[in-house]
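# Commentary on secondary and tertiary structure
Now for the letters of each chain:
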Amino acid sequence: MILMSRRNQQVPYVVKLLMTQACTLASPTIFTTLRRPSPPCSAAMTAAAVDPSNLDSIFHQKKLLRNKVKKELRQMDPTSRIQQDDAIQRVVLEAPWFKSCQRLCAYISCAALREVDTSKILAEILKEPSKDGDSRMRKMLYVPRVEDKNRNMRMLHISKIDDLIANSMNILEPHPVDADGKEREEVMSSKEPVDLFLLPGLAFDKSGRRLGRGGGYYDTFLERYQELAKRQNWKQPLLIALSYSEQIMDEGVIPTTPNDVPIDALVLPSGVISMSEAFRQSCE
Ligand SMILES: Nc1nc2c(c(=O)[nH]1)N(C=O)[C@@H](CNc1ccc(C(=O)N[C@@H](CCC(=O)O)C(=O)O)cc1)CN2
Ligand SMILES: Nc1ncnc2c1ncn2[C@@H]1O[C@H](COP(=O)(O)OP(=O)(O)OP(=O)(O)O)[C@@H](O)[C@H]1O
């Protein structure tokens, strides 16, 4: 049986697990060739496509799963959390796809929401280039700003962590205008493509499903950005989420709808799980 992946490549209905050192210095990358959760192959999506009233049931199941995962995250041992935060960020900082990326969108982690910490990754991206001949280009960093309650989010350029202020949800985000009174660059208006998104989420599975916090901000934004990249003939950005081991679900547990955008890879404290051919190619 042959299925189509999100990049429209044929994916055999076979699960292959390969351990390889090719894509990470910190820990092994697990390459999985799995049935992609693209619309035709998800039971939940297929049902939703023929019966829109079924969406209510899917959203209800999503809500139950969010509550379960949030409870588990609140109960996590603080020492284990710190260890996992460090390990996950180390994997990212040492990964070839991170080192080589020139422009990325990343989330500003919120400790109260028990999100995987991104502070070390952000600090590394924003640190001043050393004066001792380090000629590496500074990466362009864009971070989310929620514009309204209708799933509208922008990704704005920041150059220092002080550019951020807490919003009504207590998440740090940039003001649309910088300290010099200049409008910040928005990623959707940039002339250059983004190579990488580092994504938050509540639950994930090994075939690329991602459950967010229920706002629909990321799915909406990612769909718009993928359409932009297609129109511009740009390479699609890698979509990589960061996850504690507690957030990995068995196959079939995460309910999905056609709007859910599948991810390319997942970073866990133990390494990277690859879910797409695009990710594998980025490691070559
Ligand atoms: N760090 C971070 N920034 C982000 C997101 C995110 O998930 N994490 N977003 C991703 O979309 C957008 C903001 N969306 C958000 C959606 C919900 C909640 C929140 O606090 N939800 C509560 C439940 C609220 C309720 O049910 O009424 C929670 O999850 O406990 C926060 C941000 C943009 N910025
Ligand atoms: N691309 C889209 N176009 C229109 N509506 C969307 C889109 N993506 C999500 N939505 C809507 O947003 C709401 C929240 O969706 P869902 O529960 O899947 O969010 P989530 O995946 O938890 O959140 P997020 O994407 O912000 O991480 C739903 O009503 C969903 O139909």
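Source: prediction; values computed, not measured. (Residues numbered from 1 in each chain as written. Chains lettered and ligands numbered in written order. Predicted model: local features only at pLDDT ≥ 70, side-chain atom pairs only at ≥ 80, totals over all residues.)

Here we take up the overall build of the protein chain. Looking only at helices and strands, one finds seven helices and 16 strands in the protein chain. Counting across all 284 residues of the protein chain, residues that qualify as buried make up 37%. Looking at the protein chain alone, contacts between residues at least 24 apart form 69% of all its contacts between residues at least 6 apart. (Helix = DSSP H or I, 4+ residues; strand = E, 2+ residues; numbered from the N terminus. Buried ≥ 20, exposed ≤ 12 C-beta atoms within 10 Å, placed from the backbone. Contact = placed C-beta atoms within 7 Å.)

A regular strand carries its side chains on alternate faces of the sheet. With respect to burial, strand E6 (residues 140-146) is a largely interior element, six of its seven residues being buried. As judged from the six bridges shared by E6 and strand E7 (residues 153-158), these two strands associate in the antiparallel manner. The residue bridging valine 146 from the neighbouring strand is methionine 153, located in E7. Following E6, the chain reverses through six residues before pairing antiparallel with E7; arginine 151 in that reversal takes a positive phi of roughly 70°. (Pairing = 2+ DSSP bridges.)

Bringing the site of ligand 1 into the picture now. In the vicinity of ligand 1 there are 18 residues, among which Tyr107, Pro144, Arg213, Gly215 and Tyr217 approach most closely. Those elements giving two or more residues to the shell around ligand 1 turn out to be E6 and helix H6 (217-231). For the shell around ligand 1, the class distribution of residues is 12 nonpolar, three polar and three charged. (Near = placed C-beta within 6 Å. Nonpolar A, V, L, I, M, F, W, Y, C, P; charged D, E, K, R; others polar.)

As a matter of local geometry, ligand 2 sits amid 16 residues, with Gly212, Gly216, Tyr218, Asp219 and Asn259 nearest to it. Looking at the shell around ligand 2 element by element, the count peaks at five residues for H6. Along the lines of polarity and charge, the residues of the shell around ligand 2 split into three nonpolar, seven polar and six charged.

What follows covers the sheet that holds strand E12 (residues 210-211). Neighbouring strands of a sheet are bound in pairs by backbone hydrogen bonds; such pairs are parallel or else antiparallel. A sheet is described by the order of its strands in space; here three strands give the open sequence E12-E11-E14, paired in mixed fashion. In this open sheet, the two strands that pair with only one neighbour each are E12 and strand E14 (248-249). One ladder, built from two bridges, connects strand E11 (residues 203-205) with E14; its direction is parallel. Looking across to E14, one finds that phenylalanine 204 is bridged to isoleucine 248.

Bringing the environment of leucine 122 into the picture now. Within the secondary structure, leucine 122 sits in helix H5 (residues 119-126). Under the C-beta neighbour-count criterion, leucine 122 is labelled buried, with 21 such atoms within 10 Å. Residues leucine 122 and methionine 188, spaced 66 residues apart in sequence, show a C-alpha to C-alpha distance of 21 Å. Non-local contacts of leucine 122, meaning those with residues more than four positions away in its chain, are made with Ala106 and Ile161.

Confidence along the protein chain averages 85 in pLDDT terms, with 80% of residues attaining 70 or more. Confidence drops under a pLDDT of 50 for residues 1-27, and excluding neighbours within four residues, the segment shows 62 contacts in the predicted structure. For this predicted complex, the interface confidence score (ipTM) comes to 0.95, while the overall pTM stands at 0.88. (pLDDT = per-residue confidence, 0-100.)

All right, on to H5 then. Listed in full, the buried residues belonging to H5 are Ile121, Leu122 and Ile125. Take H5 and look down its axis: the buried residues cluster within an arc of 95°, on one side only. On its buried face, H5 is in contact with helix H3 (78-94), strand E5 (103-106) and E6. (Arc of directions from axis to C-beta.)

Time to look at the packing of H3 against H5. Where H3 contacts H5, the two axes come as close as 9 Å, and the packing angle between them is 30°. Contact with H3, carried on its side by Gln89, Val92 and Leu93, involves Lys120, Ile121 and Glu124 of H5 and no other residues of that element. A breakdown of the residues in the contact of H3 with H5 according to their chemical character gives three nonpolar, one polar and two charged. (Axes fitted to C-alpha atoms, helices over the stretch in contact; angles between N-to-C directions.)

Its location among the elements puts glutamate 185 in the loop between strand E9 (172-174) and strand E10 (196-199). Distance in space between the C-alpha atoms of glutamate 185 and leucine 222 is 18 Å, their sequence separation being 37 residues.

Bridging between E5 and E6 involves three bridges; their strand directions are parallel. Each residue of the ladder has a partner; that of arginine 103, found in E6, is methionine 140. Across three bridges, the pairing between E5 and E10 is parallel. What sits directly across from cysteine 105, in E10, is phenylalanine 197.

To continue, consider unusual backbone geometry. Even without glycine at this site, asparagine 170 takes up a positive phi of about 70°. A residue is classified by how many C-beta atoms lie within 10 Å of it, and asparagine 170, with 10 of them, is exposed. We note that asparagine 233 has phi near 60°; this positive angle belongs to a residue other than glycine. Judged by the 7 C-beta atoms lying within 10 Å of it, asparagine 233 is exposed.

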